[in-house]
Each structure stands twice: as structure tokens, then as C-alpha cells.
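The primary structure of each chain is shown beneath.
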Amino acid sequence: MATIQIDRLLETVVRKGASDLHLAVGKPPTLRLHGGLRELATKVLEPEDTTSLMKSITPERVQQEFEETGSGDFGFAFGDAARFRVSIFKQKGCCSLVLRQIPNKILTFQQIGLPAMAEQVCRRPRGLFLVTGPTGSGKSTTLAAMINWINEQFDRHIITMEDPIEFYHPHKKSIVVQREVGVDVPNFAEAIRRALRQDPDIMLVGEMRDLATIGAAITAAETGHLVFGTLHTNGAASTINRIIDAFPSDMQEQIRVQLANNLIAVLSQTLCPRIDTEGRCAAYEFMYVTPSIQNLIRDNKVFRIDSDIQTGKKYGMMLLDDNLYGHFLAGRISAEEAIDKSKNPGAMVDRMRRDGHMLDEAVDEALLAEADDVAASGAGQATAGGGAANEADRAAQIAKNRERMMKAK
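Residues numbered from 1 in each chain as written. Predicted model: local features only at pLDDT ≥ 70, side-chain atom pairs only at ≥ 80, totals over all residues. Heavy atoms only, no water.

Draft legend 1. Expanded view of the sheet that holds strand β3 (residues 36–39). Across the sheet, which stays open at both edges, the six strands sit in the order β3-β2-β1-β6-β5-β4 with antiparallel pairing between neighbours. Of all the strands in the sheet, just β3 and β4 (71–78) have a single pairing partner and so form its edges. The sheet shows a mean angle of 20 degrees between the axes of neighbouring strands, direction not considered. Of the strand pairs in this sheet, strand β1 (residues 20–23) and strand β2 (residues 30–33) are connected by three bridges, and their pairing is antiparallel. The residue bridging Asp 20 from the neighbouring strand is Arg 32, located in β2. Here helix α2 (residues 47–57) sits on the sheet and contacts β1, β4, β5 (82–91) and β6 (94–103); the angle it forms with β6, its principal contact strand, is near 45 degrees. Sheet strands in contact with helix α3 (residues 60–69) are β4, β5 and β6, and its direction is about 155 degrees off that of β4. (Pairing = 2+ DSSP bridges. Helix = DSSP H or I, 4+ residues; strand = E, 2+ residues; numbered from the N terminus. Axes fitted to C-alpha atoms, helices over the stretch in contact; angles between N-to-C directions. Contact = heavy atoms within 4.5 Å.)

This is the structure we're talking about:
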């Protein structure tokens, strides 16, 4: 009975195009569809239901890990329809599951909306390329598209290290070897160390989550390999800080030099629900490492990187907030979504109201206050040394902006 039920649930996930299936005691099975949660019209799950569903799809080794540690992760194929990455865990003494759908079809650069320079990154013979963002932001989908493109275009030996394996890559022009952490190799750091002896051209590190893995990935790039990796960071500058801060203080100067010499680019992305059609679109921040950015990393002036990204449009560079604003102007996402996902919400509100956009319920008093601060700061820079008259003009403009925003709500 449980097998039939899980099959029906997974068929529903695939048919509706949901990203996740949540199975928790006290709630009906719930889908994450276009970023929101949608309950299915079935019975409320009891503890024996979730346990039975878990046992119907979970390998024995993971069931044993679940009993010992209270959690476990694995991947499995649902026929030819899709693959699923599964996380099982205990909560309040009961079993819960989250199943993430991994489509069998790998998207193209154009379908994802990657910057044109992404193709140039894939052509590089060596270096480190990082895709970052929160959980569920499409990092795995982006990396799968890049590995698939290389696989179709070049004869390379590609080694992926994942936990668990998500997208399956058949051999095309390249040889693609996929190693699963916990099954084929004990951990990421060991997988990278072993890979260096396996004649690789390209490595994909599923998650750079600890010091040993980060260090091994940088070393692999330094020794002449193209390394793709992921981090749960938001933005290029915070990614660099996260890597450097992972090391002891007496090693950070050396890591800055290594990172400056070997980092190719950082792509930070997030997914936004669309308002013009069903589905979601990716908003990204892209930093391509130029000689100027190399110097900023070496000199510990990462806080100035955003300025270089703003002036680096010829390299395809773009700040996340600029990309979000472009999606908003094109009618793909709402003002509220652009503000919520931006790195500087106050600046986004100020930008929208300066361009005359009515924001309705997307803005609360706190955001209005932030936007006023941004406006005051910008006006102060533009009129530095202008005296009390300029201060009065600026205050009057802020009051006028606030009045217009409140009328629009």
C-alpha cells in the first residue's frame, strides 16, 4: 500500500512540475510549487504513514544511519520520469521526509538565463568557478548545464563529487565520472585528493562546506584543473570573505593570494516566482575576476568589489539588485519580490520610487525609512559642501517622496 501511495505522490510531483514534496506528521502531503506550499487533497499523515513511506524508498544503509543519527540523505531514480534527492529526519520522535525533484532534462544556458561569459568560463583550462546562493536557488541546475555543455563540446575527463548524485551525465565527447559521498568515497576532501591522481581535466565539488574541502578545491585549481564548486553565500564579496574566514588567521594572507590567482568568477543566484507566467526565473550576480579585482582580494579590500562589478559590464558583470530591477521592469517579477530578494532593500525602494513606480503594499514603514536614508545619503554626496539650504532641500524632497508613497499605498 505504501509503495502505491508513494508512486502516486511522485507521479503528482512530476506531473505538476513541483520542486519538492514534504511528508510530515499532522499535515497532508505538501508540494512546493513555484516557490509556494500547496497541500494535496489526501489524508493527514500519521506517524505510521511517514515511516511506511520512508521504508518503501530508503536503502538499508540509510535506514540504519537514520536509526543511529536521526537523519539520512540519498538519491533515487523514479523510472525515466525524474530523480529525487531525499532527506529523512526525525522530529518530535516521528519520521519526516523532504523529496526534491531533479528533472532528467538538463537545461541550456539560454533557458536558465546565464550570462554570456559563463560559456567563456567553461572554456578555461584551469581555475576556480563558484556558484553560490541559498538552498533551493538552482545552483545544481546551473552547474549541470555547464557540465553538460562541456560534455557536448570538448573531450575532457570530468569528475563530479556529490552528496548525493543529482543529475546523471552520460558520456558524450567527454568521460564523466560521478562519485557519491558516503557511497563511493567517505567525504569531499578525500574525493578531491584522490581525483588529483585520476587524470582529471575538470572537477565538480558538490558543496564546499568545510575547511578541508575548501582548501583541497583551491589546491586542485592551483595545480592546473578547472574546478566548479558551490557555497551557501549571497553575493560575490561575501563569498570571498566566507572562504578566507574559513581558514585560521595565520593562513588567511596566503589564501588571499591563492584565491586572487586562481578564482575565475563567482555566480550568485536566487529564484523568483514569475508574475507573467507560471514558474520561476533566476536572478543573478556575476563577478568575473579582472586584474583590478585580483588586487582587491590580495589587498583585503573586498568591500570595494561591488564598485568594480558595476563598472565591469563589458565582462558581463552585474550586481544582483540590478538584475532584479531588470526583471521587475520587464514585468517578470513583482516589486515585492524584487525588494525581498535584493541585497539592499532600502536602495531598491528608493530606486523604484525615483523612477515613479507605485509600490502599493510592497513597502512598509521600515522600508520607507531605509529608502529615506538612502536618498539622504545620495543627496548628501551630490551636494557636499552646499550648506543649510541644501539640507533643507533634501529634507523637503524626502518628505515629498514619503507623501507620494503613502498615497500610493
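Structure's up, so let's keep going.
Draft legend 2. View of the confidence of the model for the chain. Summing up the model confidence of the chain, the mean pLDDT is 88 and the portion of residues at 70 or higher is 90%. For the stretch residues 380–391, pLDDT sits under 50, and the model shows three contacts to residues farther than four places along the chain or on other chains. (pLDDT = per-residue confidence, 0-100.)

Draft legend 3. Looking closely at the pattern of salt bridges. Tallied over the full model, the rule gives 20 salt bridges. With a shortest N-O distance of 3.6 Å, Arg 353 and Asp 350 are connected by a salt bridge. One end of the pair, Arg 353, and the other, Asp 350, are both in helix α15 (residues 345–354), three residues apart, so they sit about a helical turn from each other. As far as burial versus exposure is concerned, Arg 353 and Asp 350 are alike and both buried. Salt bridges sharing common partners tie together Asp 350, Arg 353, Arg 354 and Asp 372. (Salt bridge = Lys/Arg side-chain N within 4 Å of Asp/Glu carboxyl O. Buried < 20%, exposed > 50% of the residue type's maximum accessible area, 1.4 Å probe, protein only.)

Draft legend 4. A look at the side chain of Asp 321. Examined against the element boundaries, Asp 321 turns out to sit in helix α13 (residues 320–329). Notably, Asp 321 is buried but unbridged: the nearest opposite-charge side chain belongs to Arg 351, and the N-O separation is 6.6 Å. A polar contact is formed between the side chain of Asp 321 and the backbone nitrogen of Lys 343, at a distance of 2.8 Å. Among residues more than four places away in sequence, those in contact with Asp 321 are Ser 342, Lys 343, Asn 344, Met 348 and Arg 351. (Lys, Arg positive; Asp, Glu negative; His and termini not counted. Polar contact = N/O pair within 3.5 Å; in protein donor to acceptor, adjacent residues only side chain to side chain.)

Draft legend 5. View of a negative patch on the surface. Residues Glu 65, Glu 67, Glu 68 and Asp 73 make up a contiguous surface patch of negative charge. Here the negative patch takes three residues from α3, the largest share from any one element. Note on placement: Glu 68 falls in helix α3. (Patch = residues over 30% accessible without salt bridge, like charges linked within 9 Å, V, L, I, M, F, W, Y side chains within 5 Å. Areas by Shrake-Rupley, 256 points an atom, 1.4 Å probe, with all protein chains shown as cover. Charge placed at Lys NZ, Arg CZ, Asp CG, Glu CD.)

Draft legend 6. Molecular detail of unusual backbone geometry. In the segment running from Asp 163 into Pro 164, the intervening peptide bond is cis, with an omega of -5 degrees. Assignment of secondary structure puts Pro 164 in the loop between β8 (157–162) and β9 (175–180). Positive phi outside glycine occurs at His 34, with the angle close to 55 degrees. Within the element layout of this structure, His 34 appears in the loop between β2 and β3. When its relative accessible area of 30% is taken as the criterion, His 34 is described as partly exposed. The phi angle at Lys 92 is positive, at roughly 55 degrees, despite the residue not being glycine.

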